[in-house]
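Spelled out from the first residue to the last, the chains are:
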Amino acid sequence: MQQSATRKDSSSCFSSLSRHAIEFSSVSRLYPAGSVTALEDITLGVRRGEFLAVVGPSGSGKTTLLNLMSGLDQPTQGSVLINGAEPESAVKWAWLRARAIGFVFQSFQLLPAFTALENVQIPMFGVVKSRAQRLDAAHDLLHRVGLDAKRHRYPDELSSGEKQRVAIARSLANSPSILLADEPTGNLDSRSSEAVMHLLQDLSRAKRLTLVVVTHNHAIARDADRVVELFDGRIASLTEKGGL
Amino acid sequence: MRLVHIIIRHLVQRPVRTAVTVICVAAAVGGFTVLTGLGRGLETAWNGSLVKQGTHLMAHRKGVMNLLTGAIDERIADELKAVEGVESVSTELIDVITLESGASVLVRGWPGDSVLWGQVALISGRLPDPHSRDQVVVGEGLAQSLDIQAGGVLSPFGGELRVAGVARLDNVLGNNSLMMPLSGLQDLLDRQGKITVVHLRVEGGDHEKGLETARARLSEKYPQFLFVAAQTAAQENELYRFWRGMSWAASLVGLIMGLLIVFNTMLVAVLEKTREIGVLNAVGWSGRRIITLIMLESLALSAAGGLAGIACGYLGLKLLVLHPKLQGFILVAPSWSALAEQSAVILAIGLGAGLIPAWRALKLNPIDALRER
């Protein structure tokens, strides 16, 4: 029942391409080793500016979905469109990740040899040509995530919550239109989780970003505009806000 | 932050490995600098000296690998003088003798009427008596290194040579050799009536075309001799070529070792930085930028080691040519061609060593890379 509702919603979304930041059309991802099907026949449209939460048990395909959205992984079947176009090569995907898609990881993925300020500048190479502009933008982003005072600290000198805030600042480095977050509060205590999620939502609202968050946390999912629930690589349900 | 800061940070992150790699490359490039520098120094000293003393063409016996062991009948001079276009002929017997002090000395014998005596500017004493058997003039550089003055005595393998004078010559070989009447040296070496080379001045010899014409004419008339231009005398010498080939081969072994060490360092670095490469990929770094990062890191290692190697190599060369056995035979001077050769070697090591690690970095699956601990 829920599955059919999902399909109806997805197909209606595809009628207006311009409304979608991300579009999945019959996407499957099969891992040859062990013939594991991570995702099967997913059709989904993520509207521009919406906050979509992806929930589901471990192994349901949440991270694979996010990896496919960012082009870090490629579907074995179907197509993924970003802003209405299908990136046809790894080069194009890299270009999109640099300019249009920001990524926040559960384990922060900060480079340990670089300070917070330097970590935020890393994605700007090749996009922001001027060194001074990179520095100014990084300062500004760290200010926005409240880490001005700790900009010269290395990742191992920061708390988990602070690390994730640096990671959020880094994901926004090139003013992307899409922000993907893979369990961004997974390694944080409840207080930090709340702060990080507020930050993510505030920033994405302020910039009208499309925010896709993979989470186990139902409190986070409650704040989302829509919630996709995955089960065994398929969409089990797609719920509009207030439906949870 | 610039790309160079990332590279420096990476290199500083593993100081011991970086230092060892740089030292190994420095040793390889230093060895290359010394070995090729010796050859180039010999070439510069020899060719330069011939040009400065006014030789256009030098004739020696064909097929003789070691020029010093060649023996030509000294009467050939009269025949050569008669050839059309030959302005002057100067015979010379050259050899290296070892003094009782252990120093190896280049000794040159010239006939009393040779124009070669004209380049000898006395600082002290006088020229040797043309008929003497044991009088020599000592070049200024050699006199200083042997600490000898006019009136002194040199002792080659039990004999005695009296220093008639000390002279300054306009070329490095002359300044670091002994000069004596030809007959005296023939007696000393037991090579009566023999000479080693003939120096010729020819009409139009200051220009390539005139030189080639004379060379062709003389080569046709005297096929048993090799006539070489003063500017390329060293390069056309078989022994020199053999030595240069050997030094290149030895250098190559060292350079390959250097390349392998940088390659190993970069390969390990890529393996260690798998997660970092995954992060760079995830934040939108293109494959080209990641390759550039790895290649530049490899080049930085190669350049740091290479520059240290060049500096150490030149220092080593300077010290080496002070050795009594080598003094005066080799002129060490940095040259653009040497620098170009060394730069090419550094570039080849850096690019060659970085290629496969960069390729591996490019081929990393970003998802697997991000999972790496």
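Thresholds applied
Residues numbered from 1 in each chain as written. Chains lettered and ligands numbered in written order. Predicted model: local features only at pLDDT ≥ 70, side-chain atom pairs only at ≥ 80, totals over all residues. Helix = DSSP H or I, 4+ residues; strand = E, 2+ residues; numbered from the N terminus. Rg over C-alpha atoms; globule rule 2.2 N^0.38 Å. Buried ≥ 20, exposed ≤ 12 C-beta atoms within 10 Å, placed from the backbone. Core = buried A, V, L, I, M, F, W, Y, C linked by C-beta atoms within 7 Å. Domains from an automatic or database assignment. Contact = placed C-beta atoms within 7 Å. pLDDT = per-residue confidence, 0-100. Pairing = 2+ DSSP bridges. Axes fitted to C-alpha atoms, helices over the stretch in contact; angles between N-to-C directions. Parallel < 35°, antiparallel > 145°, perpendicular 65-115°, else oblique. Left-handed = near helix turned anticlockwise from the far one by under 90°. Nonpolar A, V, L, I, M, F, W, Y, C, P; charged D, E, K, R; others polar. Expected span 1.5 Å × (residues − 1). Arc of directions from axis to C-beta.

Describe the overall build of chain A, with residues and values.
For chain A, the helix and strand inventory stands at eight helices and nine strands. A globule of 244 residues ought to have a C-alpha radius of gyration of about 18 Å, and chain A, at 18 Å, matches this closely. Projecting the C-alpha coordinates of chain A onto the three principal axes gives extents of approximately 50 × 40 × 40 Å. Classification of the 244 residues of chain A by burial places 48% in the buried group.

Outline the nonpolar core, listing residues and values.
A:V54, B:V25 and B:L57 are the most contacted members of the largest nonpolar core, which has 169 residues in total. Per-element accounting of this core gives the leading share, 14 residues, to helix α2 (residues 15–52) of chain B. For this core, the two domains that each supply at least three residues are domain 1 (3–46 + 240–371) and domain 2 (63–223) of chain B. Look past the residues within four positions of A:V54 in its chain and what remains in contact with it is A:K62, A:L65, A:V212, A:V213, A:V214, A:V228 and A:L230.

I'd love a proper account of the confidence of the model for chain B, names of residues and values included.
Averaged over every residue, the pLDDT of chain B is 89; residues scoring 70 or more account for 98%. Under the prediction, the complex receives an ipTM of 0.86, its pTM being 0.78.

Would you mind going over the sheet that holds strand β9 (residues 234–240) of chain A in detail, with residue names and values included?
Residues and elements named next belong to chain A. Taken in spatial order, the six strands of this open sheet run β5-β6-β7-β3-β8-β9, and their pairing is mixed. Edge positions in the sheet fall to β5 (101–104) and β9, since each of these pairs with one other strand and no more. Sheet twist, expressed as the average angle between the axes of neighbouring strands with direction ignored, equals 15°. Where helix α6 (residues 160–171) meets the sheet, its contacts fall on β5 and β6 (178–182), and the angle it forms with β5 comes to roughly 170°.

Can you explain the packing of α6(A) against helix α7 (residues 190–206) of chain A? Please cite residues and give values.
Residues and elements named next belong to chain A. For the pair α6 and α7, interaxial distance at closest approach is 10 Å and the crossing angle is 15°. Viewed along their axes, α6 and α7 adopt a mutual orientation that is roughly parallel. Note on packing geometry: the crossing formed by α6 with α7 is right-handed. Contacts between α6 and α7 involve S160, G161, Q164, R165 and I168 on the former and, on the latter, S192, A195, V196, L199 and L200. Considered class by class, the residues forming the contact of α6 with α7 number five nonpolar, four polar and one charged.

I'd like a description of the environment of B:G112, backed by residues and values.
All names here are of chain B. On the secondary structure map, G112 appears in the loop between β4 (104–110) and β5 (121–125). Classification of G112 by C-beta neighbours within 10 Å gives partly exposed; the count is 14. Spatially, the C-alpha atoms of G112 and K318 are 36 Å apart, while their sequence positions differ by 206 residues. Apart from residues lying up to four places away in sequence, G112 is in contact with P130 and P181.

Requested: an account of the interface of chain A and chain B, with residues and values cited.
Facing the 23 residues of chain A at the interface are 17 residues of chain B. Mapped onto the side of chain A that touches chain B, the elements with two or more residues apiece are α3 (90–99), α4 (116–121) and α5 (131–144) of chain A. Among the residues making up the side of chain A that touches chain B, the classes are represented as 12 nonpolar, four polar and seven charged.

An account of the environment of B:V262 is requested, with residue identities and associated values reported.
All names here are of chain B. With respect to the helices, strands and loops of the structure, V262 is situated in helix α8 (residues 238–272). Taking the number of C-beta atoms within 10 Å as the measure of exposure, V262 has 26 and is therefore buried. When the C-alpha positions of V262 and G305 are compared, they lie 9.9 Å apart, and in sequence the two are 43 residues distant.

Account for unusual backbone geometry, with residues named and values stated.
Residue and element names in this part refer to chain A. Positive phi is not limited to glycine here, since E183 has a value of about 45°. Relative to the elements of secondary structure, E183 occurs in the loop between β6 and α7. Notably, R208 is not glycine yet its phi reads approximately 55°, a positive angle. Looking at the element boundaries, R208 is found in the loop between α7 and β7 (210–214).

Describe helix α7 (residues 208–221) of chain B, listing the residues and the values that go with them.
Structural remark: α-helix, 3.6 residues per turn; residues separated by three or four positions point the same way. All names here are of chain B. For α7, spanning 14 residues, the distance from its first C-alpha to its last is 20 Å, which sits close to the expected 20 Å at 1.5 Å a residue. Of the residues making up α7, those classed as buried are L211, A214, R215 and L218. Buried residues of α7, viewed axially, fall in a sector of 105°; they line one side. Projecting away from the buried face of α7 at angles above 90 degrees are the exposed residues K209, A216 and E220. Where α7 is buried, its residues meet β1 (57–61), β11 (197–202) and β12 (225–229).

Could you give me a rundown of α8(B), with the residues and numbers involved?
Residues and elements named next belong to chain B. With 35 residues, α8 extends 51 Å from end C-alpha to end C-alpha; this agrees with the ideal 51 Å at 1.5 Å per step. Turning to α8, its buried residues are R244, L255, G258, L259, I261, V262, T265, M266, A269 and V270. At its buried positions, α8 is contacted by α1 (3–13), α2, α10 (287–320) and α11 (336–363).

How would you explain the confidence of the model for chain A if you had to name every residue and give the values?
All names here are of chain A. Taken over all residues, the pLDDT of chain A has a mean of 85, while the share at 70 or more is 91%. For chain A, the element scoring lowest by mean pLDDT is helix α1 (residues 2–14), at 36; α4 scores highest, at 95. Segment residues 1–17: pLDDT under 50, and 20 contacts once partners within four positions in sequence are set aside and those in other chains are kept.

Residues and numbers for the sheet that holds strand β1 (residues 20–31) of chain A, please.
All names here are of chain A. Here we have three strands laid out as an open sheet, ordered β2-β1-β4, and antiparallel in their pairing. With one partner strand each, in any of the chains shown, β2 (36–47) and β4 (77–82) form the two edges of the open sheet. Adjacent strand axes in the sheet meet at a mean angle of 15°, parallel and antiparallel pairs treated alike. When β1 meets β4, the two strands line up antiparallel, connected through five bridges.

For the pairing of strand β3 (residues 51–55) of chain A, give the residues involved together with the corresponding values.
Residues and elements named next belong to chain A. Of all five residues in β3, five are buried; the element is thus mostly enclosed. Taking every second residue as pointing to the same face, both faces of β3 are buried, with F51, A53 and V55 on one and L52 and V54 on the other. Relative to β7, β3 runs parallel, the two sharing four bridges. Looking at β7, one finds that V54 is bridged to V214. Two elements, β3 and strand β8 (residues 226–231), share four bridges in a ladder whose sense is parallel. Opposite V55, over in β8, you have E229 as the bridge partner.

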